[in-house]
Amino acid sequence: MWPIIGHQWAVELLTRSIEAERLSHAYLFSGPPQVGKTMLVRAFAQAIQCQDEDVPCGHCRSCLLIGQDKHPDVHVIVPENNRIKIEMIRDMQRSVALSPVEGRYRICLISRADLATPSASNALLKTLEEPPPKVILLLTADRAEALLSTIISRCQVLPLRLLPTEQIVTALCARGLSMEKAQLLGHLARGRVGWAIAASEDKQVLAGRNRVLEEVTQVAEGSHIARFAWAQKWSSRPEQIPHVLEIMGSWWRDVLLLASGSTSAIANIDHSSKLSEWASRYGVAEAQKALRGVQYTAWRIEHNANLRLALEVLMLDMPGGARTT
Ligand SMILES: [Zn+2]
């Protein structure tokens, strides 16, 4: 049993290639953030290295070590400061040049390969062009289009999609959550099963979302001074900005859905009455403008715009009863 929720087609495909002993040299797991790419990649690495017959067993030495990122034959690369640098790829190249210590293969997990610098990408391409024997590279990317096309063409690509809310809710209930909690997390996840699992295992995830949401709604109703203070505060925490904008976007998307009378499910179901209030207060045009502003800000920041300036512009354009004092 793979410890995976959804993405059954991918699990079946990977299982078949292990059983047939027809593994590719490289795989690329692409898809939106927190859709479950890392969980799937880790389970695949466990299935490849598992010492049991029924792979991945989840409890043999290999499975346990991979679960903790400590397997001697599994090299893990995660971005630092939103970048994968060439030194990290060179390190990996040195490690994959050696024969496996105890596993069947040397595996390298490269998380967010789309954040590799140009020189790191070119170095990675070299390994993909001439892969050493018994080496498998497992890449993940939120934005596959940011990768060199020559990297993509050398990988077997598995595009992962957002999961239906009901599938996430059912899976959370099966993990022992109450129906009420599972419904809330399932709706907030908006298809991102990785987020739902993290939130079900760590109370801080939901508490953090609640804090940010409270601020987001306060700031929309606050003065310009409060809005600039907000922009200043978050511009000093760049790593958290995507998360904050995601929550802000989900709020305005819900306001827009309700204002336009859409029957699609809203995400923030624990605030449905406040959302209805905002929907009648702001209407479709204002909600649309706010949502577009959030999405555009996220895009600008991703493309290296000045963080503080981008957030200040967002705050200036944000609808609401902002006062000048
Ligand atoms: Zn195992």
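This structure is a prediction, so every number in the text was calculated from the model and none was measured.

**Side note on the packing of helix α9 (residues 193-201) against helix α10 (residues 203-220)**
And step 1. Two elements in contact, α9 and α10, have axes whose closest approach is 4 Å; the angle formed by their N-to-C orientations is 105 degrees. Considering their axes alone, α9 and α10 lie roughly perpendicular with respect to each other. Between α9 and α10, the contacting residues are Trp195, Ala198, Ala199 and Glu201 on the first element and Lys203, Val205 and Leu206 on the second.
And step 2. Of the residues in the contact of α9 with α10, the class split is five nonpolar, no polar and two charged.

**A short note on the sheet that holds strand β2 (residues 74-77)**
And step 1. Within the open sheet, the five strands sit side by side as β2-β3-β4-β1-β5. Their pairing is parallel. At either end of the open sheet lies a strand with only one pairing partner, and these are β2 and β5 (156-159). The average angle at which neighbouring strand axes cross in this sheet is 15 degrees, direction not considered.
And step 2. Across five bridges, strand β3 (residues 106-110) lies against strand β4 (residues 135-141) in parallel orientation. Residue pairing across strands places Cys108 opposite Leu137, the latter belonging to β4.

**What about the environment of Gly293?**
And step 1. Structurally, Gly293 is set in helix α13 (residues 272-302).
And step 2. Distance in space between the C-alpha atoms of Gly293 and Arg192 is 23 Å, their sequence separation being 101 residues.

**Some points on the coordination of the zinc ion**
Tetrahedral coordination by four donors places them ideally at 109.5 degrees to one another around the metal; octahedral coordination by six donors ideally gives 90 or 180 degrees.
And step 1. Taken together, the protein ligands of the zinc ion are Cys50 (SG), Cys57 (SG), Cys60 (SG) and Cys63 (SG), with distances of 2.3 Å.
And step 2. Coordination of the zinc ion draws on donor residues from a single chain, spaced C-x6-C-x2-C-x2-C in sequence. Residue Cys50 is located in the loop between α2 (37-49) and α3 (61-67), and its partner Cys60 is located in the loop between α2 and α3; the two are separated by ten residues in the primary sequence. Of the two residues, Cys50 and Cys60, both sit in the buried class.

**Some details on the pattern of salt bridges**
And step 1. Per the stated rule, a full pass over the model turns up 17 salt bridges.
And step 2. For the salt bridge of Glu129 with Arg154, the shortest nitrogen-to-oxygen distance reads 3.9 Å. Note that Glu129 is positioned in helix α5 (residues 118-129) and Arg154 in the loop between α6 (149-152) and β5, a separation of 25 residues in sequence.
And step 3. Residue Arg154 is classed as partly exposed on the basis of its relative accessible area of 35%.
And step 4. Between Arg190 and Glu246 there is a salt bridge, with its nearest N and O atoms 2.7 Å apart. Here the residue Arg190 occupies a position in the loop between α8 (179-189) and α9, and Glu246 occupies one in helix α12 (residues 241-259), the gap between them amounting to 56 residues.
And step 5. By relative accessible area, which is 28% here, Arg190 ends up partly exposed.
And step 6. The exposure class of Glu246 is partly exposed, given its relative accessible area of 26%.

**Brief notes about the packing of aromatic side chains**
And step 1. One pass over the structure, following the stated rule, counts nine aromatic pairs.
And step 2. Between Tyr27 and Phe44 the ring centres are 5.0 Å apart and the planes differ by 80 degrees, which places this aromatic pair in the edge-to-face class. Here Tyr27 is found in strand β1 (residues 26-30), whereas its partner Phe44 is found in helix α2, with 17 residues between them in sequence. For the pair formed by Tyr27 and Phe44, the shared burial category is buried.
And step 3. Centre to centre, the rings of Tyr296 and Trp299 are 6.1 Å apart; their planes meet at 10 degrees, and the pair counts as stacked. With Tyr296 and Trp299 both in helix α13, this residue pair falls three residues apart, about one helical turn.
And step 4. Against the face of Tyr105 rests Lys134, its NZ or CZ located 5.0 Å from the ring centre.

Quick notes on the rules
- Residues numbered from 1 in each chain as written.
- Predicted model: local features only at pLDDT ≥ 70, side-chain atom pairs only at ≥ 80, totals over all residues.
- Heavy atoms only, no water.
- Axes fitted to C-alpha atoms, helices over the stretch in contact; angles between N-to-C directions.
- Helix = DSSP H or I, 4+ residues; strand = E, 2+ residues; numbered from the N terminus.
- Parallel < 35°, antiparallel > 145°, perpendicular 65-115°, else oblique.
- Contact = heavy atoms within 4.5 Å.
- Nonpolar A, V, L, I, M, F, W, Y, C, P; charged D, E, K, R; others polar.
- Pairing = 2+ DSSP bridges.
- Donors = N, O, S within 2.8 Å, 3.2 Å for Na, K, Ca; no water.
- Buried < 20%, exposed > 50% of the residue type's maximum accessible area, 1.4 Å probe, protein only.
- Salt bridge = Lys/Arg side-chain N within 4 Å of Asp/Glu carboxyl O.
- Phe/Tyr/Trp six-rings, centres within 6.5 Å; stacked < 30°, edge-to-face > 60°.
- Lys NZ or Arg CZ within 6 Å of the ring centre and 35° of its normal.

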